[in-house]
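A structural walkthrough
Now for the letters of each chain:
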Number of protein chains: 2
Amino acid sequence: MVLGYDGLDLQADYWDAPQDSSRFTSQPADLVELTRFLNDDFNGNRVIIDCSASQEVADMYPRWLALGIHVITANKKAGSGPSELYNDCRQAQEGASAQWYYETTGPGSGLPVLCTLKDMVQSGDTVHKVEGIFSGTISYLTNAVAAGLPLSEALLQAHALGLCEPDPRDDLTGLDVRRKIVVLARELGLSLELADVITEQLMPVELSDWEPDTSDNAQPLIEQLSAALAAYDERLTACVTEAADNGMKLVPLGSVDLSTGIASVTMTPLPISSRLTRAEANDNIIAISSERYSPQPLIIQGPGAGCEITASGLFGDMLALSRTLVEWTIPKIE
Amino acid sequence: MVLGYDGLDLQADYWDAPQDSSRFTSQPADLVELTRFLNDDFNGNRVIIDCSASQEVADMYPRWLALGIHVITANKKAGSGPSELYNDCRQAQEGASAQWYYETTGPGSGLPVLCTLKDMVQSGDTVHKVEGIFSGTISYLTNAVAAGLPLSEALLQAHALGLCEPDPRDDLTGLDVRRKIVVLARELGLSLELADVITEQLMPVELSDWEPDTSDNAQPLIEQLSAALAAYDERLTACVTEAADNGMKLVPLGSVDLSTGIASVTMTPLPISSRLTRAEANDNIIAISSERYSPQPLIIQGPGAGCEITASGLFGDMLALSRTLVEWTIPKIE
């Protein structure tokens, strides 16, 4: 952990050659120490941008927010974790007028979905339903299977493209997309937990207790998982083919329905003519139906996974925060 | 014109029974007097929301902005008028740190297009091209013709649904969509005029000098125009049918291409499988290709015309402005 009140040089070699100077200190990572460091700052505007996937970091949000430290996060653990942590964050934030941004943790990752919903609700619109393709990864996999590839091979391909979670089982079991749905549902005022999201997963039920070989000479996780999946490839291919024979396309349909309070993600056959079958490659599609946007919904579509897109979304959150803190004219970044 | 520093009661009958009181004054509309009234206000935060389509009002923007009065507008006359007025607004705004919002004047009307582009550019992305269906009205007309209706009847239908400009010739000649394209192009850094937009229009060339009968007993404009159009109905129907016979759909394709600097709106046949043929009813579709969003673009789609949608967009601009001026937590409007 490198700390410096005067800014750090991101090109510098702090990490390999730890050394103290008058401009920075270098020490083992310690979140409590980091909090103290931020709290001692004379600068009124402090923000933490959490690019980890760590529960330990997420657990610190209430404390940071209560101290007036803004939080921008790509980490879904607080927004989709137990309601207790989520509510603690909300309370801390309101008490201290700190801001908490998490656009990249909801459906669409970097796409402007949560900020659009915020504008709609704050300007008096009533959201009825948000549905669509919320997982770029599952969308990529079902598209690849529809194009003729077995699931086990499609998974290897998605992994090679950087589209999978660190543990690709989180994609197949739908854990990642369920997290996004919980973030969205809470944003829309529903109070629910991860376990409340009705989920149909790509992981064969026979593999639900599957664990990889973690010994020294073991194959990489992704290859072990692909090999285990191969025996069940035919199952998804059959579903996709059956749908196609009926003029339908099988899609991983996510939904938060405010009229029923039900959140779900299920493999659903939709007519080819449906807007929601148009997800190409790793596209996400988010269709928002509201009092104003009906019968036609407002639709936001685009790539929903990948480093650049997520970084872009975090930067968007940073801009939204900055606009509330500093003078308006932010120079174009060259 | 009714003025009052302590707020006005929108339900009150100021208009029919003008009267002065200690809380407001009532007088003939006078933009110079309005400016003086605003400038004398002790409140530092002043905003004009222009819901007119008036050139006279648009001409006042530079003066208002130079006085630090923010401007939010649904009026396209300044953003798409002569560059001189546009540049005056920009200069005045920068000099006085006043803010100028005009989301509803670009493609998509109330859809979150310009604010999304702003975030993209300010976070360091490079936009290559924005294309799509920018006119809800023309989209509605071509969809209706594709469904078998003659253009002259489709126009009556669109008018009855409130989708047309006050003078529906502005829709048919593409003037309205060209204005949106100029607003978009300037937002993306191009310097161009209305006349620079390459335009293919639905108005038959034979009717370019057509003028309605304005005598007392004349039919309403829309009915006269529909009657004049009827003789040319077959022309558009033939184009639409020819496209359909080749597996294509004829769409009013708008485009701002940053690599060539060309802005255009042309009746273009696209393969049915194209994302841009999916505009239903009066939908707009805006596809943004950038360094980050490629090969798949970021797509925003939804109804792009109508009172509620435009009001919603203006309210969104008001929220964006408010967030830069007041404390962050804006209560939900019930």
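Because the structure is predicted, anything quoted here is derived from the model rather than measured.

**Here's the deal with the relation of the copies chain A and chain B**
Note on the copies: chain A fits chain B at an RMSD of 0.0 Å, the axial shift is 0.0 Å, and the rotation between them is 180°. On the angle and the small slide along the axis, the relation comes out as a two-fold axis. A share of 100% of the interface residues of chain A reappears at the interface of chain B, consistent with the copies meeting face to face through the same patch.

**Topic: the packing of aromatic side chains**
Here a ring pair, both rings aromatic, is described through the centre-centre distance and the interplanar angle of the planes. Residues and elements named next belong to chain A. This structure, assessed with the given rule, holds ten aromatic pairs over all chains. Summarising the aromatic geometry, the rings of Y61 and W100 are spaced 6.2 Å apart at their centres and angled 70° between planes, so their arrangement reads as edge-to-face. With a gap of 39 residues between them, Y61 in helix α3 (residues 61-66) and W100 in strand β5 (residues 100-101) connect regions that are remote in the sequence. Across this residue pair, the class does not change: Y61 and W100 are buried. Among the aromatic residues, those joined into a ring-pair cluster are Y61, W64, Y86, W100 and Y102. One cation-aromatic arrangement involves R186 over Y86; the distance from NZ or CZ to the ring centre is 4.9 Å.

**Focus on empty space enclosed by the protein**
Per the counting criterion, the structure on display carries six cavities of 30 Å³ or more. Of the volumes computed, that of the largest cavity is approximately 80 Å³. Every residue lining the largest cavity is listed: A:R275, A:R278, A:I285, A:I299, A:Q301, B:R275, B:R278, B:I285, B:I299 and B:Q301. Of the residues assigned to the lining of the largest cavity, the class counts are four nonpolar, two polar and four charged. Within this model, the second largest cavity holds a volume of roughly 70 Å³. Every residue along the wall of the second largest cavity is listed here: A:Y61, A:T73, A:N75, A:K76, A:A78, A:G79, A:Y86, A:W100, A:Y102, A:T105, A:V183 and A:R186. Split into classes, the residues belonging to the lining of the second largest cavity amount to six nonpolar, four polar and two charged.

**A short note on the interface of chain A and chain B**
Facing 46 residues of chain A, the contacting portion of chain B comprises 46 residues. Summing the contributions of chain A and of chain B, the shared interface buries around 4,200 Å²; its carbon and sulfur component is 51%. Counting across the chain A and chain B interface gives six salt bridges. Salt-bridge contacts for A:E280 lead to B:R275; the nearest nitrogen and oxygen are separated by 3.1 Å. Of all the secondary structure elements, the ones that give two or more residues to the side of chain A that touches chain B are α5 (114-122), β11 (298-303) and α12 (307-325) of chain A. At eight residues, α12(A) tops the list of elements feeding residues into the side of chain A that touches chain B.

**So, the pairing of strand β3 (residues 47-50) of chain B**
Residues and elements named next belong to chain B. Of the two faces of β3, only one is covered, namely that formed by I48 and D50; the face formed by V47 and I49 stays uncovered. Pairing between β3 and strand β4 (residues 70-73): four bridges, direction parallel. Residue pairing across strands places I49 opposite I72, the latter belonging to β4.

**As for the sheet that holds strand β4 (residues 70-73) of chain A**
The strand order across the open sheet built from three strands is β3-β4-β5 (chain A), with neighbouring strands paired in parallel fashion. Taken across any chain shown, the strands that pair with only one partner, and hence form the sheet edges, are β3 (47-50) and β5 of chain A.

**Details of the layout of surface pockets**
Residues and elements named next belong to chain A. In this model, the second largest pocket occupies a volume close to 1,100 Å³. When contributions to the lining of the second largest pocket are tallied by element, the ones reaching two or more residues are β1 (2-3), α1 (31-39), β3 and α12. Taken together, the residues of the lining of the second largest pocket break down into 22 nonpolar, six polar and four charged.

**A short note on the pattern of salt bridges**
A full pass over the atoms with the stated rule returns 24 salt bridges over all chains. Here B:K76 and B:D176 are joined by a salt bridge, their closest N and O atoms 3.1 Å apart. Pair noted here: B:K76 is in the loop between β4 and α4 (83-96) and B:D176 is in helix α9 (residues 175-187), with a separation of 100 residues, a long-range link. The pair formed by B:K76 and B:D176 is uniform in burial state, with each residue classed as buried. Here the salt bridges share partners, and the residues they tie into one network are A:E33, A:R36 and A:D40.

**Focus on the UniProt feature "domain: Homoserine dehydrogenase catalytic" (unreviewed entry) in chain A**
The positions that UniProt labels "domain: Homoserine dehydrogenase catalytic" (unreviewed entry) are, in the present scheme, residues 112-319 of chain A. The span residues 112-319 of chain A carries 40% helix and 21% strand; its end-to-end C-alpha distance comes to 13 Å.

**A word on unusual backbone geometry**
In this structure, A:P295 follows A:S294 across a cis peptide bond, with omega equal to 0°. Among the structural elements, A:P295 can be located in the loop between β10 (283-290) and β11. Of note, B:A281 is a non-glycine position whose phi angle comes to about 45°, a positive value. Looking at where B:A281 falls in the secondary structure, it is placed in the loop between β9 (262-271) and β10 (283-290).

**Considerations on the side chain of A:T116**
Here A:T116 shows up in helix α5. One polar contact links the side chain of A:T116 to the main-chain carbonyl oxygen of A:P112, over a distance of 2.7 Å.

**Digging into the sheet that holds β3(B)**
Residue and element names in this part refer to chain B. Sheet architecture is open: three strands sit in the order β3-β4-β5, paired in parallel fashion. Looking along the sheet, the strands with just one partner apiece sit at the ends: β3 and β5 (100-101). Note: β4 against β5, two bridges, orientation parallel. Looking across to β5, one finds that I72 is bridged to Y101.

**Remarks on the domain arrangement of chain A**
Residues and elements named next belong to chain A. The domain boundaries assigned to chain A delineate domain 1 (2-106 + 309-325) and domain 2 (114-305). A C-alpha centroid distance of 29 Å is found between domain 1 and domain 2. Counting from both sides, the interface comprises 16 residues of domain 1 and, opposite them, 16 residues of domain 2. Among the residues of domain 1 in contact with domain 2, K76, S80 and E103 are the three that bury the most area, contributing 35% of the side total.

**Concerning the packing of α12(A) against helix α5 (residues 114-122) of chain B**
Where α12(A) contacts α5(B), the two axes come as close as 9 Å, and the packing angle between them is 105°. Here α5(B) runs roughly perpendicular to α12(A), going by the angle between their axes. Counted together, A:F315, A:G316, A:L319 and A:R323 of α12(A) and B:K118, B:D119 and B:Q122 of α5(B) form the full contact between these two elements. Residues belonging to the contact of α12(A) with α5(B) are distributed by class as follows: two nonpolar, two polar and three charged.

Criteria and thresholds
Residues numbered from 1 in each chain as written. Chains lettered and ligands numbered in written order. Predicted model: local features only at pLDDT ≥ 70, side-chain atom pairs only at ≥ 80, totals over all residues. Heavy atoms only, no water. Least-squares fit on C-alpha atoms with pLDDT ≥ 70 in both. Contact = heavy atoms within 4.5 Å. Phe/Tyr/Trp six-rings, centres within 6.5 Å; stacked < 30°, edge-to-face > 60°. Helix = DSSP H or I, 4+ residues; strand = E, 2+ residues; numbered from the N terminus. Buried < 20%, exposed > 50% of the residue type's maximum accessible area, 1.4 Å probe, protein only. Lys NZ or Arg CZ within 6 Å of the ring centre and 35° of its normal. 1 Å grid on protein atoms, 1.4 Å probe; cavity = no way out; pocket = protein on both sides within 12 Å on 5 of 7 lines; lining within 4 Å. Points joined across faces, edges and corners; volume = space filled by probe spheres on them. Nonpolar A, V, L, I, M, F, W, Y, C, P; charged D, E, K, R; others polar. Buried area = accessible area lost by both parts, 1.4 Å probe. Salt bridge = Lys/Arg side-chain N within 4 Å of Asp/Glu carboxyl O. Pairing = 2+ DSSP bridges. UniProt positions renumbered as here; feature names shortened; annotations may be inferred. Polar contact = N/O pair within 3.5 Å; in protein donor to acceptor, adjacent residues only side chain to side chain. Domains from an automatic or database assignment. Axes fitted to C-alpha atoms, helices over the stretch in contact; angles between N-to-C directions. Parallel < 35°, antiparallel > 145°, perpendicular 65-115°, else oblique.

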